[in-house]
Amino acid sequence: MWRPAVLARKAFSRKFIANQSFSGFKNHTFILPQVLNNQTIAPLNSAESPFRYYSHWVSSKSCLHETKRLFSSSDSESVGSEPIKNDKDTVFIDNLETVSSESNEGSIVFDEIKDSIAAEKISDFGENEVVVEELDLEKLESVLSLLQSSGNLDRSIESSLEEIELSLNEEFVVRVLETPYVPGENLISFFKWGLKKPEFSVTKKVVELLVTAVCIEGRNVYALWGLVKEVGEKEKGILSAEILNELIALLSRLGKGKAAFEIFNKFGELDCVPNADTYYFTIEALCRRSIYDWASTVCEKMLNADMLPGAEKVGKIVSLLCKGNKSKDAHLVYLLAKEKNIYLPVSSIKLLISSLCRKDESVRFALEMLEEFPKEERKRAIKSFSSVIQGLCRAKDVTGEKQSRSYCSEGIEDAKNLLLKMIDAGPPPGNAVFNTVINALSKSGEMGEAKKLLNVMEGRGLKPDVYTYSVIMSGYTKGGEMDEACKVLDAAKKKHAKLSPVTYHTVIRGYCKLEQYEKAVELLGEMKEYGVQPNADEYNKLIQSLCLKALDWTTAEKLLEEMKENGLHLNAITKGLVRAVKELEHEEVGTNEVIAAA
């Protein structure tokens, strides 16, 4: 409820003070206590107190009646027994009645005091003083009844309001706006009607109450924004960032991102300065509608203004930008928050690290963030560390082939060092992290480092899986070191009862590159002994190698028959290749026979 401004005024005219011989208090402002009881009035009733006549007046029934009227609209006021201590919390009594004093000093004519006070200029009031005007409760009740039941009316609210013959003032409008269960649409209509009244002066307070009332209902937001914009354009400086923020927040909840962005862009025209919440609500509204480019623009303005909301809201901004693939903007927000000692939620930091690792050019930002990761959360951040290691092993897209190789080697080295740090300080790496680094080392030809990590892995009690052995064999076969590849294959057979087709395929392709087809076919037959069934692709690639490089259609046909027995089907292109090689050889044999006969 609205509280009346509580002011202090002179309770006695200068003439009255002079008659009571209190010249020392001629210019003293008497204070009406907030709570009138025996405890607060007793000190004033003492014979030594120069306020004893004043205290008698405030204890009278007339004063209590007036006080009740003044405080009737403030049921949320806390009750205390201390008198008011500052000028902002005093009461101006504008209705003094004539009462008889029971004191021997004689009667006090309050009408004379009232006239004296009324003659005072309004400039005598303090900076924050407001005169409480009396309300017409009957008309207030009529207006509220009209606004709460206007849906059943046959005519407009405006015409009905005209018939009531209201004289609007701020207190009346405040009472209407603070009344619950009044539809927002009707409040907007009432406010529009009030704007046409010359006696009604719009204040920031009534605009705030209107926006709050309509936003709580959550409807008619476009009509409300149109009205607020109209008021702000006519009365410069009457709007505040808080008023517009409430509108943006409502539009965000309703999923109206473009409308929220429109309000954000109107701040300058309406003489309002955006605050931290302005940027937050606008970015949130745009991201909810997946308008990430506009959100990035608002984020840039927020960073230029050097203005951030609280930690939770900053974390939300970072998360929203990451979801929109704006990890670079999110990282800039993170850096500014770090500079201002704003600590983001751990979940937002993890999401940012994961997002930075998706792009090669930003993975090193994620590596730097890992070094600043909270120690108490480090042991639960295995996913973040894994993402950075994967990004470092993958990062190689730099212009120029020579630079690409150099960058890749540097990234793999950083990934290996990070893995070793995880072993020392946590979080403890698992098979997946080891496999990522071993695979990268194998592809780059650093087989010695790959074998060392394999030994470290086994020394930590981890069992290398089939994939681990496969990537190491791939590295050896890539360099033509088939003996080493076969040794790794033998080790894999001892550790695992069943291998995968990829494991054999790696070695078979290595033999085919060296044109050792007999060993390749032999290894293909060995697969079945270890319970690994060759697939159609495996047969297909081997048959193509036999036909194109060895021109051995005989072995190719045997493999073709073997495929049929296993229920596998070779594609038509490879079948045609076997047939063409066979016919070519027959033609060559026939030609040789003709030449020999001649």
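Attention in this report is confined to the structure presented alongside it. All values derive from a computational prediction rather than experimental measurement.

1. Observations regarding the overall build of the protein chain
Then step 1. Per the secondary structure count, the protein chain includes 31 helices and zero strands.
Then step 2. Just so you have it, the protein chain exposes about 31,800 Å², and 49% of that area is on carbon and sulfur atoms.

2. Structural notes on the side chain of serine 384
Then step 1. Within the secondary structure, serine 384 sits in helix α21 (residues 382–394).
Then step 2. Every residue in contact with serine 384, bar those within four places of it in the chain, is listed here: Lys350, Ile353 and Leu370.

3. Here we look at unusual backbone geometry
Then step 1. With an omega of -5°, the peptide bond running from glycine 426 to proline 427 counts as cis.
Then step 2. By the element assignment, proline 427 lies in the loop between α22 (401–425) and α23 (431–443).
Then step 3. A positive phi angle is found at asparagine 220, which is not glycine, with a value near 60°.
Then step 4. Position of asparagine 220 relative to the elements: it lies in the loop between α10 (204–217) and α11 (221–234).
Then step 5. With relative accessibility at 28%, the residue asparagine 220 sits in the partly exposed group.

4. What to know about the pattern of salt bridges
Then step 1. Scanning the entire structure with this criterion turns up 24 salt bridges.
Then step 2. In this structure, arginine 364 and glutamate 410 form a salt bridge, with 3.8 Å as the shortest nitrogen-oxygen distance. Placement of the pair is arginine 364 in helix α19 (residues 363–371) and glutamate 410 in helix α22, with a sequence separation of 46 residues.
Then step 3. Using a relative accessible area of 22% as the deciding quantity, one classes arginine 364 as partly exposed.
Then step 4. A residue is classified by how much of its surface remains accessible, and glutamate 410, at 42% relative accessible area, is partly exposed.

5. Some points on helix α29 (residues 536–550)
Then step 1. Look at α29: 20 Å from first C-alpha to last across 15 residues, which is about the 21 Å you get at 1.5 Å a residue.
Then step 2. For α29, the set of buried residues is Glu538, Tyr539, Asn540, Leu542, Ile543, Ser545, Leu546 and Cys547.
Then step 3. Backbone geometry just downstream of α29 places leucine 551 in the positive-phi region, at approximately 50°.

6. Some points on the nonpolar core
Within soluble globular proteins, side chains that are nonpolar tend to cluster in buried spots.
Then step 1. Counting 153 residues, the largest nonpolar core has Leu244 and Leu247 as the members making the most contacts within it.
Then step 2. Once residues within four sequence positions are removed from consideration, leucine 247 is found in contact with Val211, Cys215, Val221, Leu224, Trp225, Val228 and Ile263.

7. Looking at the environment of threonine 477
Then step 1. Along the chain, threonine 477 falls in helix α25 (residues 466–478).
Then step 2. At 2.9 Å, the side chain of threonine 477 and the backbone oxygen of serine 474 are in polar contact.

8. Some thoughts on the packing of helix α24 (residues 447–459) against α25
Then step 1. One way to put it is that α24 packs onto α25 with a least axis distance of 10 Å and a crossing angle of 165°. With respect to α25, the axis of α24 lies roughly antiparallel. Read as a crossing pair, α24 and α25 show a hand that is left-handed. Across from Met447, Ala450, Lys451, Leu454, Met457 and Glu458 in α24, the residues of α25 making contact are Thr468, Tyr469, Ile472, Gly475 and Tyr476.
Then step 2. Taken together, the residues of the contact of α24 with α25 break down into seven nonpolar, two polar and two charged.

Conventions we followed
- Residues numbered from 1 in each chain as written.
- Predicted model: local features only at pLDDT ≥ 70, side-chain atom pairs only at ≥ 80, totals over all residues.
- Heavy atoms only, no water.
- Helix = DSSP H or I, 4+ residues; strand = E, 2+ residues; numbered from the N terminus.
- Areas by Shrake-Rupley, 256 points an atom, 1.4 Å probe, with all protein chains shown as cover.
- Contact = heavy atoms within 4.5 Å.
- Buried < 20%, exposed > 50% of the residue type's maximum accessible area, 1.4 Å probe, protein only.
- Salt bridge = Lys/Arg side-chain N within 4 Å of Asp/Glu carboxyl O.
- Expected span 1.5 Å × (residues − 1).
- Core = buried A, V, L, I, M, F, W, Y, C linked by side-chain atoms within 4.5 Å.
- Polar contact = N/O pair within 3.5 Å; in protein donor to acceptor, adjacent residues only side chain to side chain.
- Axes fitted to C-alpha atoms, helices over the stretch in contact; angles between N-to-C directions.
- Parallel < 35°, antiparallel > 145°, perpendicular 65-115°, else oblique.
- Left-handed = near helix turned anticlockwise from the far one by under 90°.
- Nonpolar A, V, L, I, M, F, W, Y, C, P; charged D, E, K, R; others polar.

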